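Structural characterization, general
Below are the chains, spelled out letter by letter.
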Amino acid sequence: MKTMKLGLLGILALAFASTPAFASHHCVGTSLVDVASKAGSFKTLLTAVKAAGLEKTLKNGGPFTVFAPTDEAFAKIPAETLNALLKDKHALQNVLLYHVVSGKVPASVAVTLSQATMANGKQVNLEVADGSLFINDSKVINTDIAACNGIIHVIDAVLIP
């Protein structure tokens with residue numbers, strides 16, 4: 001199995017891209033944020049992305065692959081834990097960046113990997129079990145949702161680094 005890595009330069013690029021002065025503007029069309037917004041099932045994720053200051057990065061940066069937890073996935077987290085996370089920008093960024101890989105990684109590639117290094121520098125495990133792709137303990141429930149600056153794979157649980 002292969003491991004996907006986001007090197008130090010990739011992490012720095014993602015960090016700089018979240019600063020408006022460094023955000024690239026090559027995304028023409030429907031961005032990751034736009035796709036998630038139109039889907040209607042990522043309201044909590046989008047609220048968290050805004051609170052973390054990552055919205056411009058996911059609109060204009062990339063390409064990225066986002067393992068996007070649904071509102072139902074966020075509902076599994078105790079409300080007090082989620083509220084505390086939304087108030088701690090650094091911790092929130094760490095959790096959200098644990099859902100992002102640099103580059104476009106379609107499901108056909110993801111299923112061949114055993115690990116991936118996420119945008120926060122931490123590793124996740126990838127495996128196929130019972131015909132489904134899992135990232136850590138979260139099941140990928142929908143794949144390859146295209147945006148002009150990346151791909152979204154929908155997951156059923158929030159990944160906690």
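Going by the structure above, here's the rest.
It should be emphasised that the depicted structure is a prediction, and the values quoted were computed from it without experimental measurement.

Moving on, we get to the nonpolar core. Core analysis: the largest hydrophobic core is formed by 30 residues, its most contacted members being L32, L45, L58, V66 and L96. Going through the elements one at a time, α2 (32-39), α3 (43-51), β2 (64-69), α5 (71-75), α6 (79-87), α7 (89-97) and β8 (150-155) are the ones with two or more residues in this core. The contacts of L58, once residues within four sequence positions are left out, are S31, L32, V33, V49, F64, V66 and N149. Core analysis: the second largest hydrophobic core is formed by 15 residues, F67, V105, M118 and I155 among them.

Below, the discussion takes up α3. Of the positions making up α3, those classed as buried are L45, L46, A48 and V49. The buried residues of α3 occupy one face: seen down the axis, they fall within an arc of 160°. Exposed side chains of α3 directed beyond 90 degrees from the buried face belong to K43 and K50. As for α3, its buried residues are in contact with α2, α4 (55-60), β2, α5, α6 and α7. Phi turns positive one or two residues past the end of α3, at G53, with a value near 75°.

Criteria and cut-off values
- Residues numbered from 1 in each chain as written.
- Predicted model: local features only at pLDDT ≥ 70, side-chain atom pairs only at ≥ 80, totals over all residues.
- Heavy atoms only, no water.
- Core = buried A, V, L, I, M, F, W, Y, C linked by side-chain atoms within 4.5 Å.
- Buried < 20%, exposed > 50% of the residue type's maximum accessible area, 1.4 Å probe, protein only.
- Helix = DSSP H or I, 4+ residues; strand = E, 2+ residues; numbered from the N terminus.
- Contact = heavy atoms within 4.5 Å.
- Arc of directions from axis to C-beta.

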